[in-house]
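One letter stands for each residue in the lines below.
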Amino acid sequence: MEKIVKFGKTIRNNWKKSVVGLIALYYGGSTVKDRYQINVLMRAACKEAAQYGDQEIPMERNPTLVTVILNPVANKRKAKQDYEKYCEPLLHLAGLQVEVIQTASEGNAKEIVETLKGTEAIIIAGGDGTLSESVTGLLRRNDNANQFPLGILPLGRTNSIGNTLFSGGKGVEHVKQLIEASMAIIKGKTVWKDAMKIEPIAEQNGVPSRPIYAMSSIEWGAFRDTLARRDKYWIYGSLREYAAYIFNGYKNSITWDCSGAIKYTLPCIGCGNCVQRRPEIKRKWAFFMPSTQALEETTAINPDCASSHELCFKTCDLKIAIDNAGEIPALGIVLGKNKYSYTEFVSEGWRRLKQDVNARAIHARTVELHPKETEKEVTIEIDKEDFELKPVKITLLPKVVKLFCNPQINSTN
């Protein structure tokens, strides 16, 4: 009893050191627990992957070649380390022949994929930006390269598409996500996903620019600008997004005025105007190569398909995203309020951080965005990458990118 009383007095007299010690003990125990869980997960995943690697292959066939496009600076330079620790061992144990190409600069993934030859699958190890560049390079090709499956290893800071295919999180949950994504590549299940074709509208007698492609959204306005500045508030840790709204809700340096005109056509279930035949490709090996059924030629014409609608807008928040909530694939155009008070802006921003915003959208198949001309340079975000705002035409391309997915997903090959 005397020892217990003495220990209590020591804690009371040194309470600051005791608090620091308890915090250190808590985080130390949490780290040890996480490492143990990760080791258990990796051990089980390695055993499963090795079962695929132990399968015999014909003498005349080489191991399946996959090319990994790795962005080594993604997620504050943690992407390469996480790939080598959690993804690469599983791919090798499964018997895949893995070629890794590291991107050297912004836009490099686009160039690599556009000229890539001799591979059976392309694996994107990075975030939304690397994925968008790779999809752009893939769809710019004229050799039906989009028939090759594309794998996503969600190693970036933002992984919009990766998170829809594989449930994500932090710590142990992030490792689970990487294991799930790697095993999806090994198991070879695929699903077709939509993309957006974004073409700058050339001025009269101007040279048209090459299109870029995206798989998530285009965002313009005050909410987008605020989140783009969140890293300035790193001192607030996991609360930096909330701090960004507090410290930017009154500033004129973010885009409060998004004005212009939109021309759009209505969604179409498929007619001679908007459906193209998907060619059937036969390839030598069947590991990644399930048969591709060509779409039947459609000659019927939907009279509403080519009809155009126009609206003028003035808002501080505009978003155009792929919307698969309905029966017909479509682009969703969401226009926010014209004005927010400081309190309204902060509370709305915080609400968006906690949950998805189910705002009412205008559905379209094609969209022409004509922003109002301004003297200052304005930035928009396409799949979390910054671009200069210019007049563009956005076209929905249904089911043009084949992605590896979880076998539990209702996949189409």
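Because the structure is a prediction, the values reported are computed rather than measured.

Conventions we followed
- Residues numbered from 1 in each chain as written.
- Predicted model: local features only at pLDDT ≥ 70, side-chain atom pairs only at ≥ 80, totals over all residues.
- Heavy atoms only, no water.
- Phe/Tyr/Trp six-rings, centres within 6.5 Å; stacked < 30°, edge-to-face > 60°.
- Helix = DSSP H or I, 4+ residues; strand = E, 2+ residues; numbered from the N terminus.
- Buried < 20%, exposed > 50% of the residue type's maximum accessible area, 1.4 Å probe, protein only.
- Axes fitted to C-alpha atoms, helices over the stretch in contact; angles between N-to-C directions.
- Parallel < 35°, antiparallel > 145°, perpendicular 65-115°, else oblique.
- Left-handed = near helix turned anticlockwise from the far one by under 90°.
- Contact = heavy atoms within 4.5 Å.
- Nonpolar A, V, L, I, M, F, W, Y, C, P; charged D, E, K, R; others polar.
- Core = buried A, V, L, I, M, F, W, Y, C linked by side-chain atoms within 4.5 Å.
- Pairing = 2+ DSSP bridges.
- Polar contact = N/O pair within 3.5 Å; in protein donor to acceptor, adjacent residues only side chain to side chain.

Student: Where do I start with the packing of aromatic side chains in this structure?
Tutor: Think of a pair of aromatic rings as described by two things: how far the centres are apart, and how the planes are tilted against each other in angle. Applying the stated criterion to the full structure yields 11 aromatic pairs. Relative to Tyr245, the ring of Phe223 lies with its centre 6.2 Å away and its plane at 55 degrees, an arrangement referred to as tilted. Taken together, the positions of Phe223 in helix H9 (residues 222-228) and Tyr245 in helix H10 (residues 240-248) put the pair 22 residues apart, joining distant regions of the chain. Taking relative accessible area as the criterion, Phe223 reaches 3% and is therefore assigned buried. Linked through ring pairs, Phe223, Tyr245, Trp256, Tyr340 and Phe345 together constitute an aromatic cluster.

Student: I tried to follow the packing of helix H4 (residues 79-93) against helix H8 (residues 172-187) on my own but got confused; where do I start?
Tutor: Two quantities define a packed helix pair, namely the angle between the helix axes and the distance between the axes. Relative orientation of the contacting elements H4 and H8 amounts to 30 degrees, with a least axis distance of 9 Å. One way to sum up the angle between H4 and H8 is to call them roughly parallel. Judged by the twist between their axes, the crossing of H4 over H8 is right-handed. Each of Asp82, Tyr86, Cys87, Leu90 and Leu91 in H4 lies in contact with H8, whose residues at this interface are His174, Val175, Leu178, Ile179, Ser182, Ile185 and Ile186. A per-class count over the contact of H4 with H8 returns nine nonpolar, two polar and one charged.

Student: How should I be thinking about the nonpolar core in this particular structure?
Tutor: The biggest cluster of nonpolar side chains holds 57 residues, and the ones touching the most others in it are Tyr83, Leu153, Val401 and Leu403. Sort the elements by how many residues they give to this core and H8 lands first, with nine residues. Not counting the four nearest positions on each side in its chain, Val401 is found in contact with Val135, Leu139, Leu150, Val191, Trp192, Lys193, Ala195 and Met215. Listed in part, the 26 residues of the second largest apolar core include Met196, Ala214, Leu318 and Val392.

Student: Just checking my understanding: could you explain the sheet that holds strand E11 (residues 330-335) for this structure?
Tutor: Sheet strands pair via backbone hydrogen bonds, and the direction of the pair is either parallel or antiparallel. On the basis of which strands lie adjacent, the open sheet formed by six strands has the order E12-E11-E10-E7-E14-E15 and antiparallel pairing. The outermost strands of the open sheet, each flanked by one partner alone, are strand E12 (362-364) and strand E15 (385-388). Taken pair by pair, the neighbouring strands of this sheet meet at an average axis angle of 25 degrees, ignoring direction. Direction of pairing for strand E7 (residues 217-221) relative to strand E14 (residues 379-382): antiparallel, over a ladder of two bridges. Bridge assignment links Ile218 to a residue of E14, and that residue is Ile382.

Student: Got a minute to help me understand the environment of Asn324 in this structure?
Tutor: Of note, Asn324 is situated in the loop between strand E10 (317-323) and E11. The class for Asn324 is partly exposed, based on a relative accessible area of 45%. For Asn324 and Lys193, which are 131 residues apart along the polypeptide, the C-alpha to C-alpha distance reads 9.9 Å. Asn324 has contacts with Asp194 and Pro329, leaving out every residue within four places of it along the chain.

Student: Mind showing me how you'd approach the pairing of strand E8 (residues 258-265) here?
Tutor: Across a regular strand the side chains alternate sides, sitting on one face of the sheet and then on the other. Counting buried residues in E8 gives seven out of eight residues, a clear majority hidden from the surface. Sheet topology places E8 next to strand E13 (residues 366-371); six bridges connect them, and they run antiparallel. Bridging across to E13, Ala261 finds its partner in His370.

Student: Please clarify how the side chain of Asn248 should be interpreted in this entry.
Tutor: The residue Asn248 is located in helix H10 in this model. Among the polar contacts listed, one links the side chain of Asn248 to the side chain of Tyr233, at a separation of 3.1 Å.

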